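# A structural walkthrough
Here is what each chain is made of, one letter per residue.
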Amino acid sequence: MDRDAALDHVETVLDTVSDGDLPVPVTECWVYGEVALGKDPITRLDVYVTKDLLFSGDPAPELDAEYGVEGIGRTVDAAWAREHPEWVRTDDSGYVAPEKCLAAQLLPEGEPVHLEVCNTGFERNVTQRAEGARMREHYEQVIDPRGVCLYAEGRRDDDTLAKLRESALAFPPLEEALTMLGFDDEEAETAAETMRAYEADQEGTTVRGDVV
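These numbers come from a predicted model, not from an experiment.

What follows deals with the pattern of salt bridges. Applying the stated rule across the entire model yields 13 salt bridges. For Asp15, the salt bridge is made with Arg156, and the minimal N-O distance between the two is 2.6 Å. Of this pair, Asp15 sits in helix α1 (residues 3-19) while Arg156 sits in strand β5 (residues 155-156); the two residues are 141 residues apart in sequence, bridging distant segments of the chain. A residue is classified by how much of its surface remains accessible, and Asp15, at 39% relative accessible area, is partly exposed. Two residues, Asp210 and Arg129, come together in a salt bridge whose shortest N-O distance is 3.2 Å. Here the residue Asp210 occupies a position in strand β6 (residues 206-210), and Arg129 occupies one in helix α6 (residues 122-136), the gap between them amounting to 81 residues. Residues joined in a network through salt bridges with shared partners are Glu116, Arg129, Arg208 and Asp210.

Closest axis-to-axis distance for the α1/helix α7 (residues 158-165) pair is 10 Å, and the angle between their directions is 170°. Classified by the angle between their axes, α1 and α7 sit roughly antiparallel to one another. Note on packing geometry: the crossing formed by α1 with α7 is right-handed. Where α1 approaches α7, its residues Arg3, Asp4, Leu7, Asp8, Val10, Glu11 and Leu14 are matched on the opposing element by Leu161, Leu164 and Arg165. A breakdown of the residues in the contact of α1 with α7 according to their chemical character gives five nonpolar, no polar and five charged.

For the peptide bond that leads from Asp40 to Pro41, omega is 0°, which places it in the cis range. Phi is positive for Glu153, close to 55°, though the residue is something other than glycine. With respect to the helices and strands, Glu153 occurs in the loop between β4 (147-152) and β5.

A few words now on the sheet that holds strand β3 (residues 113-118). As summarised here, the arrangement of the six strands in space is β5-β4-β1-β2-β3-β6, forming an open sheet in which the pairing is mixed. Edge strands, defined here as strands with exactly one partner in the open sheet, are β5 and β6. Alignment of β3 against β6, held across five bridges, turns out to be parallel. Paired with Val117 across the strands is Gly209, a residue of β6. Packed on one face of the sheet, α7 meets β1 (26-32), β4 and β5 and runs near 150° to β4.

Together, Asp184, Asp185, Glu186, Glu189 and Glu193 make up a region of like negative charge exposed at the surface. Residue placement: Glu189 occurs in helix α9 (residues 185-201). The exposure class assigned to Glu189 is partly exposed, which follows from its relative accessible area of 43%.

So, about the packing of aromatic side chains. The geometry of an aromatic ring pair comes down to the distance between the two centres and the angle between the two planes. Applying the stated criterion to the full structure yields four aromatic pairs. Aromatic pair Trp30 and Phe122: ring centres 4.5 Å apart, planes at 20°, arrangement stacked. You can see Trp30 sitting in strand β1 and its partner Phe122 sitting in helix α6, a full 92 residues away along the chain. Of the two residues, Trp30 and Phe122, both sit in the buried class. With a centroid separation of 6.2 Å and an interplanar angle of 50°, the aromatic rings of Tyr139 and Phe183 are classed as tilted. Note that Tyr139 is positioned in the loop between α6 and β4 and Phe183 in the loop between α8 (174-179) and α9, a separation of 44 residues in sequence.

Judged by how many residues are buried, β3 sits mostly within the fold: six of six residues are covered. Inspection of the sheet shows strand β2 (residues 45-51) paired to β3 by six bridges, in the parallel sense. If you follow Val49 over to β3, its bridge partner there is Val117.

Inspection of every chain in the model, using the stated rule, returns zero disulfides. This cysteine, Cys101, is not joined by any disulfide, and Cys118 carries the nearest cysteine sulfur, 17 Å off. Not part of a disulfide, Cys149 finds its nearest cysteine sulfur in Cys29, a span of 7.9 Å.

Calculation notes
- Residues numbered from 1 in each chain as written.
- Predicted model: local features only at pLDDT ≥ 70, side-chain atom pairs only at ≥ 80, totals over all residues.
- Heavy atoms only, no water.
- Salt bridge = Lys/Arg side-chain N within 4 Å of Asp/Glu carboxyl O.
- Helix = DSSP H or I, 4+ residues; strand = E, 2+ residues; numbered from the N terminus.
- Buried < 20%, exposed > 50% of the residue type's maximum accessible area, 1.4 Å probe, protein only.
- Axes fitted to C-alpha atoms, helices over the stretch in contact; angles between N-to-C directions.
- Parallel < 35°, antiparallel > 145°, perpendicular 65-115°, else oblique.
- Left-handed = near helix turned anticlockwise from the far one by under 90°.
- Contact = heavy atoms within 4.5 Å.
- Nonpolar A, V, L, I, M, F, W, Y, C, P; charged D, E, K, R; others polar.
- Pairing = 2+ DSSP bridges.
- Patch = residues over 30% accessible without salt bridge, like charges linked within 9 Å, V, L, I, M, F, W, Y side chains within 5 Å.
- Areas by Shrake-Rupley, 256 points an atom, 1.4 Å probe, with all protein chains shown as cover.
- Lys, Arg positive; Asp, Glu negative; His and termini not counted.
- Charge placed at Lys NZ, Arg CZ, Asp CG, Glu CD.
- Phe/Tyr/Trp six-rings, centres within 6.5 Å; stacked < 30°, edge-to-face > 60°.
- Disulfide = S-S within 2.5 Å.

Structure (structure tokens):
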């Protein structure tokens, strides 16, 4: 993907998140990996959002019945689902999946973009995923720690977005970044190779929902 096009997608995500018309509240938005490093073109655009649970949602059985799903009003906002039925998505069991709804709304369909959705912040999740991946040697599950926060606490950071457009942010090589997470040199090299191979195998738009 052309870098300018990728960052246009990122700006659209920030516009939507800032507007607040979302299936679930979003408290953080990051980009990480190649787009943070200034590569052009990039193989894949990686976006991370932190979501909150719905605390004031009420079940909407009439919408469940109309859409042939379960969970509207409990896992995603009923008013949002009523206004945007085209973005309602479910898991394999037919229950509304917030991460898939966010992906449908935020991402350009069919483009090489990955959305990572979690209930905790980027930095904490990076650390926990790295620890779990090291224990099981499932290095493809590691999140590239080289990330840039563009939205937090209800405010977007357009200055940092401008620096991304200028490729003005500096990050270490992936192997070095992994050693900062506790990997030794050999393990960091193995993990980095696994992460790059896994990334190369991904196609189109992908999304992952995670709970920590």
